[in-house]
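# Descriptive structure summary
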Amino acid sequence: MNSQKTSNESNGKKAVSEKKKTPAALLLAVFVILVVLDQITKYLAVSGLKGQNAIVLIPGVLELQYLENIGAAFSIMEGRQWFFYILTTVFLVFVCVILRRLPADAKYNALRWCAIVLSAGAVGNFIDRLINKYVVDFIYFSLINFPIFNVADIYVTLSVAVLVILLFFYYKEEDLEMIWGGKKTEE
């Protein structure tokens, strides 16, 4: 009986340590769904808000208001679309490299998800820039007069916030060294 209990305990520990990374097909499917959702909301904004007055959802707090943003966040670098094409392309290549370097361990799944959500936001706005030469923004927090933004911007903001939390409070330096192929330094 004792040997059976020990065997079951070791199998349970083994099962926990054998957790693998999130399947690439699932990550890709979520990425596609997020990009499509962003594009649908922008289509709805164009068809329902363009040329119309703002739609007040919560008076004094939240409105839907159409805006064509030819820059980045807060309209910085207006009219420099070539810069955004290059920056987005370099970023997406960087994310692909990081995803390939992440160890096949469940510990890095949070980084995988952050990379996918962040990439979906970047691609959502990249599609707008390629097709329209501007990004469609439509969500406005009038309470704090926050710049008008879109769903892709939410993806980027949330994933960066989670990434910062993970890097400061969850992952250790050794965990990140594994990604870059660095060697552990001896003290």
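Preceding this section is the structure that the text describes.
These remarks concern the structure in this document. Please read these numbers as outputs of a predicted model, since none were measured by experiment.

### A closer look at the overall build of the protein
For the protein, the helix and strand inventory stands at six helices and three strands. Listed by position from the N terminus, the elements making up the protein come as α-α-β-β-α-α-β-α-α. With 187 residues in all, the protein has 33% of them scored as buried. Sequence separation of at least 24 residues holds for 69% of the intrachain contacts in the protein that already meet a minimum separation of 6. Total accessible area computed for the protein in this model is approximately 12200 Å², and 67% of it derives from carbon and sulfur atoms.

### Overview of the pairing of strand 3 (residues 135–141)
Put simply, side chains in a regular strand alternate between the two faces of the sheet. With six of seven residues buried, strand 3 is to be regarded as a mostly interior element. Across six bridges, the pairing between strand 2 (residues 62–69) and strand 3 is antiparallel. Counterpart to Leu 64 in the pairing with strand 3 is Ile 139.

### A word on the pattern of salt bridges
Evaluated as defined, the whole model comprises four salt bridges. The shortest N-O distance in the salt bridge between Lys 42 and Asp 128 comes to 3.2 Å. Remark: Asp 128 occurs in helix 4 (residues 109–132) and Lys 42 occurs in helix 2 (residues 24–49); sequence separation between them is 86 residues. An identical accessibility class is assigned to Lys 42 and Asp 128; each is buried. Of the charged contacts, one joins Asp 175 and Lys 107 as a salt bridge, the two residues approaching to 2.9 Å between their closest N and O atoms. Within this pair, whereas Asp 175 is found in helix 6 (residues 173–180), its partner Lys 107 is found in the loop between helix 3 (81–101) and helix 4, the two being separated by 68 residues in sequence. Taking relative accessible area as the criterion, Lys 107 reaches 28% and is therefore assigned partly exposed.

### Focus on the nonpolar core
Counting 18 residues, the largest nonpolar core has Phe 31, Ala 120, Val 136 and Phe 138 as the members making the most contacts within it. For this core, the secondary-structure elements that each account for two or more residues are helix 2, strand 2, helix 4, strand 3 and helix 5 (151–169). The dominant element in this core, judged by the number of residues it contributes, is helix 2, at six residues. Discounting residues that sit within four places of it in the chain, Phe 31 has contacts with Ile 116, Ser 119, Ala 120 and Val 123.

### Description of the environment of Leu 57
Checked against the element boundaries, Leu 57 lands in strand 1 (residues 55–58). Here Leu 57 falls in the partly exposed class, since its relative accessible area comes to 46%. Counting along the chain gives 83 residues from Leu 57 to Tyr 140, while the straight-line C-alpha distance between them is 10.0 Å. When residues no more than four places from it in sequence are discounted, the contact partners of Leu 57 are Leu 62, Glu 63 and Leu 64.

### Examining the pairing of strand 1
Examined bridge by bridge, strand 1 and strand 2 share three bridges and lie antiparallel to one another. Within strand 2, the residue paired with Ile 55 across the bridge is Leu 64. Joining the antiparallel neighbours strand 1 and strand 2 is a turn of three residues, in which Gly 60 adopts a positive phi near 75°.

What counts, and where the lines are drawn
- Throughout this description, residue numbers start from 1 for each chain and increase along the sequence as written.
- Local features in a predicted model are, by the rule used here, given only for residues with pLDDT of at least 70; side-chain atom pairs are given and counted only at 80 or more, and totals for whole chains, interfaces and linings are based on all residues.
- Calculated side-chain values reflect all of the structure's heavy atoms, with hydrogen atoms and water omitted.
- Here a strand is any run of E in DSSP of at least two residues, a helix any run of H or I of at least four, and the numbering for each starts at the N terminus.
- Accessible area is worked out with a 1.4 Å probe on protein chains only. A residue is then buried under 20% of its type maximum, exposed over 50%, and partly exposed in between.
- Residue contacts are counted whenever heavy atoms from the two residues lie within 4.5 Å of one another.
- For the accessible areas, the method is Shrake-Rupley and the probe is 1.4 Å, while residue cover comes only from the protein chains on display.
- By this definition, two strands are paired if DSSP reports at least two bridges between them.
- By convention in these notes, a salt bridge is any Lys or Arg side-chain nitrogen within 4 Å of a carboxyl oxygen on Asp or Glu.
- The term nonpolar core refers to a set of buried residues drawn from Ala, Val, Leu, Ile, Met, Phe, Trp, Tyr and Cys, joined through side-chain atoms within 4.5 Å.

Treat this as a map of the structure, not an account of what it does.
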